[in-house]
Amino acid sequence: VDPVEQHLEQARAREAESGVQLASIQPGDARKLEAANGTVDAVLSLGPLYHLIERADRIMALTEAFRILKPGGVLFAAAISRFASFVGGVHSTFFADPAFRDIIETDLLSGQHRNPTNDPMYFTTAYFHRPEELEREVGEAGFGQVRVFGIEGPAWSSAQFGEVWSNPAQRERLMKFLSLIEEEPSILGASAHLLAVARRT
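**Side note on a nonpolar patch on the surface**
Together, F86, V90 and F95 make up a nonpolar patch on the protein surface, roughly 250 Å² of accessible area in all. Note that F95 resides in the loop between α4 (84–91) and α5 (98–110). Here F95 falls in the partly exposed class, since its relative accessible area comes to 33%.

**Describing the packing of helix α3 (residues 55–68) against helix α6 (residues 131–140)**
Interaxial distance between α3 and α6 falls to 8 Å at its minimum, and their mutual angle equals 55°. Classified by the angle between their axes, α3 and α6 sit oblique to one another. Classified by chirality, the crossing of α6 by α3 is right-handed. Contacts between α3 and α6 involve R55, R58, I59 and L62 on the former and, on the latter, E133, E137, V138 and E140. Partitioning the contact of α3 with α6 into residue classes produces three nonpolar, no polar and five charged.

**Some words on the pattern of salt bridges**
Going through the model one piece at a time under the given rule, you end up with 11 salt bridges. Between D41 and K70 there is a salt bridge; the shortest N-O distance is 3.2 Å. Of this pair, D41 sits in strand β1 (residues 40–45) while K70 is found in strand β2 (residues 69–80), placing the two residues 29 residues apart along the sequence. In this structure, the salt-bridge partner of R58 is E137, at a minimum N-O distance of 2.9 Å. On the criterion of sequence distance, the pair formed by R58 in helix α3 and E137 in helix α6 is long-range, its members being 79 residues apart. Just as R58 is buried, E137 falls in that class too.

Thresholds applied
Residues numbered from 1 in each chain as written. Predicted model: local features only at pLDDT ≥ 70, side-chain atom pairs only at ≥ 80, totals over all residues. Heavy atoms only, no water. Patch = residues over 30% accessible without salt bridge, like charges linked within 9 Å, V, L, I, M, F, W, Y side chains within 5 Å. Areas by Shrake-Rupley, 256 points an atom, 1.4 Å probe, with all protein chains shown as cover. Salt bridge = Lys/Arg side-chain N within 4 Å of Asp/Glu carboxyl O. Helix = DSSP H or I, 4+ residues; strand = E, 2+ residues; numbered from the N terminus. Buried < 20%, exposed > 50% of the residue type's maximum accessible area, 1.4 Å probe, protein only. Axes fitted to C-alpha atoms, helices over the stretch in contact; angles between N-to-C directions. Parallel < 35°, antiparallel > 145°, perpendicular 65-115°, else oblique. Left-handed = near helix turned anticlockwise from the far one by under 90°. Contact = heavy atoms within 4.5 Å. Nonpolar A, V, L, I, M, F, W, Y, C, P; charged D, E, K, R; others polar.

The following block contains the structure:
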């Protein structure tokens, strides 16, 4: 389910290419899903929370996910970290651009990401979460026992990340260490992306 026709076309093409048939590919809005109450096992909310810039809209989308889940069903909701532009900008060449530094400042102060340059590398209009804020929003929609994970962890911005990742032995240890800190509150925000996982009870 996606509101963007291009994404639906990409899903259809991927379905045809892979030979894996999806039950449906349809236009829709995370704030008003067509599924009936208590009918799905899992909801993958991989985009709505950072494209819905108003808090009320994000709560609406999360409440819809709660509504359609069966008891025991699981929500996986992705968000972008409040600090992603800052960490990523310093790691890349973007930080040299005064316009990008202005974007970082707005992100850090409000979470409201705007790109007045229209440079696609600087992303689009979005909302960036603090980890504890993501947890609160998911809880407010009715979910209990919300867990927030750092997807990349702090290693993604390291200058040596590519070298470590390309070495199988180092990659294995890196993944082990990242799994040890993936829920560590003091470091969650250093990850570019966050994932809230919660179950409908």
